[in-house]
Amino acid sequence: MSAQNSAGIQTLLDAEREASKIVQKAREFRTKRVREARDEAKKEIDAYRQSKGEEFKKFEAEHTKGNQQAEDEANREADARIKEIHAAGQKSQAKVVEDLLKAVFEVNPVPPKKS
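Bear in mind the structure is a predicted one, so any value in this text is a computation, not a measurement.

Asks: It is not clear to me how the pattern of salt bridges should be interpreted in this structure. Could you clarify?
Replies: Close approach of charged atoms allows side chains with opposite charge to pair. Scanning the model with the defined rule gives 7 salt bridges in all. In this structure, aspartate 14 and arginine 17 form a salt bridge, with 2.7 Å as the shortest nitrogen-oxygen distance. Residue aspartate 14 and its partner arginine 17 are located together in helix α1 (residues 2-105), separated by 3 residues, close to a single helical turn. Judged by relative accessible area, which is 37%, aspartate 14 ranks as partly exposed. Between lysine 52 and glutamate 55 there is a salt bridge whose closest N-O contact spans 3.4 Å. With a gap of 3 residues between them, lysine 52 and glutamate 55 both fall in helix α1, about one helical turn apart. Judged by relative accessible area, which is 46%, glutamate 55 ranks as partly exposed. What emerges from the salt-bridge pattern is a single network uniting Arg33, Glu36 and Glu40.

Definitions and limits used
Residues numbered from 1 in each chain as written. Predicted model: local features only at pLDDT ≥ 70, side-chain atom pairs only at ≥ 80, totals over all residues. Heavy atoms only, no water. Salt bridge = Lys/Arg side-chain N within 4 Å of Asp/Glu carboxyl O. Helix = DSSP H or I, 4+ residues; strand = E, 2+ residues; numbered from the N terminus. Buried < 20%, exposed > 50% of the residue type's maximum accessible area, 1.4 Å probe, protein only.

Take a look at the structure:
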């Protein structure tokens, strides 16, 4: 009976080893598949990012033209306004300097009033 038990135990041990090998192979396969899936996902993300980047650049190029025209017009208006301000300053410059010098050199002291 001992030989029969021993043979049965040996069969069980062999089956356990075989099952352990199968589980180990399954784990390795799963780990390999997870790595492959991660790599594929990275590739898809990079491709998507690149396509969206190109799409954004195209959109930006189309819509920047209108902004550039508005910016140029605003710059022209600002330059014209600056020239007007400079012209007004040049026109009244002599009078302003004269008034300032007059205020500095012609002192008119006023005594304080007693309440």
